[in-house]
Amino acid sequence: RALRRAPALRSAAPSLACRSLATGPASGGAVSDEMLEKLGTLSTQALVDGLWVMGWPPAMVEGARGLKPGQKCKGRAITLRMVPQRPDIAADKPAGEISPEYEAFELCGPKEVLCISSVGPWESVGGDIKFLRLKQLGLGGLVTDGSVRDTDEILSYGFPCFS
């Protein structure tokens, strides 16, 4: 009986309406605070599976694990890509100016998660001082494909960090 009804149900709902969900915020919308709270209750796997079903391309940091088992974070993604250090650019930077990553940190705020693409898995993206600033700014957490240092300190002030 269910098999006979399936084609009728499929034709009743326009396929375009179902596909429009897949464009979501990428087409100019935003994730509301209410939706963010609801998404924060899901497991990572449920969230990834749901996005896949809706047609979103895979976008994740492979192998990232929380510093603390069971730790979660939620927020809108703010992305930062690290590049290899270049002496020619470093020489042009006026003495005493803030480094570019600190400038990027100050653009982040509450209900956001900073996602840092590192130069490599063994390159540290920061530690206690940098991440304490992120905690002060009220960020939901940090996710990186690089490494982090000063993990005991980061754990002591409870900043969600996945590396």
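These numbers come from a predicted model, not from an experiment.

## With respect to the overall build of the chain
- Helices and strands together make up the secondary structure of the chain, namely eight helices and four strands.
- Ordered by position from the N terminus, the helices and strands of the chain form the series α-α-α-α-β-α-α-β-α-β-α-β.
- Put simply, the chain has 163 residues, and 23% of those count as buried.
- Taking the contacts inside the chain whose residues are at least 6 apart along the sequence as the reference set, 75% of them involve residues at least 24 apart.
- For the chain, the exposed area adds up to about 11500 Å²; of that, 60% sits on carbon and sulfur atoms.

## Focus on the nonpolar core
- Core analysis: the biggest nonpolar cluster contains 18 residues, and Leu114, Phe131, Leu134, Leu142 and Phe159 have the highest contact counts within it.
- Listing elements by their share of this core, those giving two or more residues are α6 (100-106), β2 (112-117) and α7 (128-136).
- Excluding residues that lie within four positions of it along the chain, Phe159 makes contacts with Gln71, Phe131, Leu134, Lys135, Leu139, Gly141, Leu142 and Ile154.

Calculation criteria
Counting from 1, residues in each chain are numbered in the order their sequence is written. For this predicted model, a pLDDT threshold of at least 70 governs which residues receive local features, and a threshold of 80 or more governs which side-chain atom pairs are given and counted, while totals over whole chains, interfaces and linings are taken from all residues. Derived side-chain values reflect all non-hydrogen atoms in the structure, with water molecules and hydrogen atoms excluded from consideration. Segments assigned H or I by DSSP are reported as helices when at least four residues long, segments assigned E as strands when at least two residues long, and all are numbered from the N terminus. Only protein chains enter the accessibility calculation, which uses a 1.4 Å probe. A residue is then buried if its area is under 20% of the maximum for its type, exposed if over 50%, and partly exposed in between. Only heavy atoms matter for contacts: two residues are in contact if any of them lie within 4.5 Å across the pair. Only the protein chains shown count as cover for residues, and the accessible areas themselves come from Shrake-Rupley with a 1.4 Å probe. What is meant by a nonpolar core is a set of buried Ala, Val, Leu, Ile, Met, Phe, Trp, Tyr and Cys residues, joined one to another through side-chain atoms within 4.5 Å.

Function cannot be read off these values alone, since they describe shape.
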